[in-house]
Amino acid sequence: SGVAEPFHLFQLRNPTFWVIAWGTLAGLVAGFQFYTPGIGNYGGALIGGTVAFAIYTVPWLLFLHWMDRYTPVRPGLLATGSLWGGVAATMFLALPANMAMLSLYGKWFGTTWANDWAAGATAPITEEMSKAIGFILLLGLAPKLIRSAYDAFIVGAFIGIGFEVVEDV
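Here the structure is a predicted model, which is why all the values come from computation and not from measurement. In this convention, every chain numbers its residues from 1, walking through the sequence in written order. The model is predicted, so local features are restricted to residues of pLDDT at least 70 and side-chain atom pairs to those at 80 or more, both for listing and for counting; the totals for chains, interfaces and linings are taken over all residues. As a rule here, side-chain values cover all heavy atoms of the structure and leave hydrogens and water aside.

(A) Structural detail: the side chain of threonine 57. Only runs of H or I of at least four residues qualify as helices and only runs of E of at least two qualify as strands under DSSP, and these elements are numbered from the N terminus. Considering the arrangement of structural elements, one finds threonine 57 in helix 2 (residues 39-67). Note on classification: 1.4 Å probe, protein chains only; a residue is buried when its accessible area is under 20% of the maximum for its type, exposed when over 50%, partly exposed between these limits. The class of threonine 57 is buried, set by a relative accessible area of 12%. Residue contacts follow a heavy-atom distance rule, with two residues in contact if any of their heavy atoms lie within 4.5 Å. Apart from the residues within four sequence positions on either side, threonine 57 is in contact with Ile161 and Val165.

(B) Here's a closer look at the packing of helix 1 (residues 15-35) against helix 4 (residues 111-141). Their axes nearest at 8 Å, the elements helix 1 and helix 4 cross at an angle of 140 degrees. It follows that helix 1 is oblique to helix 4 by the angle criterion. With respect to the hand of their crossing, helix 1 and helix 4 are arranged in left-handed fashion. Contact with helix 1, carried on its side by Thr16, Phe17, Val19 and Ile20, involves Leu137, Leu138, Gly140 and Leu141 of helix 4 and no other residues of that element. Three classes are used, and their members are as follows: Ala, Val, Leu, Ile, Met, Phe, Trp, Tyr, Cys and Pro are nonpolar, Asp, Glu, Lys and Arg are charged, and the others, Gly among them, are polar. Per-class residue counts for the contact of helix 1 with helix 4 are six nonpolar, two polar and no charged. Helix axes are fitted to C-alpha atoms over the stretch in contact, other axes to C-alpha atoms as well, and angles between N-to-C directions run from 0 to 180 degrees. Should an angle fall under 35 degrees it is called roughly parallel, over 145 degrees roughly antiparallel, and 65 to 115 degrees roughly perpendicular, with every other angle called oblique. Handedness of a helix crossing follows the sense of rotation of the near helix relative to the far helix, less than a right angle counterclockwise being left-handed and clockwise being right-handed.

(C) Layout of helix 2. Consider a residue and the seven residues that end there alongside the seven that start there; fitting an axis to each set, the bend is the angle between those axes. The sharpest bend along helix 2 comes to roughly 30 degrees, located at alanine 45. By the burial criterion, the buried members of helix 2 are Gly43, Gly49, Thr57 and Leu64.

(D) Region of interest: the packing of helix 1 against helix 3 (residues 75-109). One way to put it is that helix 1 packs onto helix 3 with a least axis distance of 8 Å and a crossing angle of 60 degrees. Taken together, the axes of helix 1 and helix 3 lie oblique to each other. Considering the relative orientation of helix 1 and helix 3, their crossing is left-handed. For the pair helix 1 and helix 3, the contacting residues are Val19, Ile20, Trp22, Gly23, Thr24, Ala26, Gly27, Leu28, Ala30, Gly31, Phe34 and Tyr35 in the first and Thr80, Leu83, Trp84, Val87, Ala88, Met91, Phe92 and Leu95 in the second. Taken together, the residues that form the contact of helix 1 with helix 3 break down as 15 nonpolar, five polar and no charged.

(E) A nonpolar patch on the surface, seen in detail. Side chains of Leu104, Trp108, Phe109, Trp113 and Trp117 sit close together on the surface and give an oily, nonpolar patch of about 570 Å² of accessible area. For the nonpolar patch, the element with the most residues is helix 3, which contributes three residues. Patch members must show over 30% relative accessible area and no salt bridge, and they are joined within 9 Å when carrying like charges or within 5 Å when they are nonpolar side chains of Val, Leu, Ile, Met, Phe, Trp or Tyr. Accessible surface area values rest on a Shrake-Rupley calculation with a 1.4 Å probe, where residue burial reflects the displayed protein chains alone. Salt bridge, as used here: a side-chain nitrogen of Lys or Arg that lies within 4 Å of a carboxyl oxygen of Asp or Glu.

(F) Local environment of the confidence of the model for the chain. pLDDT measures the predictor's confidence residue by residue and takes values from 0 up to 100. Across the chain, pLDDT averages 87, with 98% of residues at or above 70. Of all secondary-structure elements in the chain, the lowest mean pLDDT belongs to helix 2, at 86, while helix 1 reaches the highest, 93.

(G) The arrangement of the nonpolar core in detail. Counting residues in each nonpolar core, the largest one holds 22 residues, and the members touching the most others are Leu77, Trp84, Leu138 and Val155. Secondary structure elements with two or more residues in this core: helix 1, helix 3, helix 4 and helix 5 (149-168). At six residues, the largest contribution of residues to this core is made by helix 3. As used in this record, nonpolar core signifies buried Ala, Val, Leu, Ile, Met, Phe, Trp, Tyr and Cys residues forming a set joined through side-chain atoms within 4.5 Å.

(H) The pattern of salt bridges, seen in detail. Counted by the stated rule, this structure contains two salt bridges. Glutamate 128 serves as the salt-bridge partner of lysine 131, at 3.1 Å between the closest nitrogen and oxygen. Residue lysine 131 and its partner glutamate 128 are both found in helix 4; the two are separated by three residues, about one turn of the helix. Note on lysine 131: relative accessible area 17%, which makes it buried. Relative accessible area serves as the criterion here: at 42%, glutamate 128 is assigned to the partly exposed category. Measuring nitrogen to oxygen at the nearest pair gives 3.5 Å for the salt bridge that ties aspartate 151 to arginine 147.

(I) Inspection of the layout of surface pockets at higher detail. Taken as a whole, the largest pocket encloses approximately 260 Å³ of empty space. As for the largest pocket, its lining consists of 13 residues, and the residues nearest its centre are Thr50, Phe53, Val165, Val166 and Val169. Of all the secondary structure elements, the ones that give two or more residues to the lining of the largest pocket are helix 2 and helix 5. Sort the elements by how many residues they give to the lining of the largest pocket and helix 2 lands first, with six residues. Put simply, the grid is 1 Å and covers the protein atoms alone, a cavity is a trapped set of points that fit a 1.4 Å probe, a pocket is an open set with protein on both sides within 12 Å along at least five of seven lines, and lining residues have an atom within 4 Å of a point. Grid points are joined across faces, edges and corners, and a volume is the space filled by probe spheres set on the points. A volume near 190 Å³ is recorded for the second largest pocket. Only helix 1, helix 3 and helix 5 provide two or more residues apiece to the lining of the second largest pocket. In terms of residue count, helix 3 provides more of the lining of the second largest pocket than any other element does, seven residues in total. Along the lines of polarity and charge, the residues of the lining of the second largest pocket split into ten nonpolar, two polar and two charged.

Okay, here's the thing in structure tokens:
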């Protein structure tokens, strides 16, 4: 059943480990490139937003930990999910895809429609798919640790909270 099985992130023979590592590294590079130009003008706001959302995250993590009290998922797996959601899914997958789709919507439907509807039409597709990719990768990394739909719900919630916090900052 996988109840007592530990979580091992570093599985050098597992291709999903390398995809997670590559996506996380690429997300860190993309995040650095995204935030670096505005540090001089918006550094204080970035630090303030980071602190505010760190405080915001704590009650959610406590709530999710409380919800996971019957068949707890390994903390390392949850941390890896949050890392994927916050770094790889947000900065590496969703941000470039959203920007590309926003520019296409302006060309296809005009700037008025794009200003009003493009973000709402794009985000559910690109952002949810980037989080789902992370879940599938985690399922490939630890198939015995995600034992039920409830475990999948908890892992998905941690991926989502990582995504939300980084996106909102």
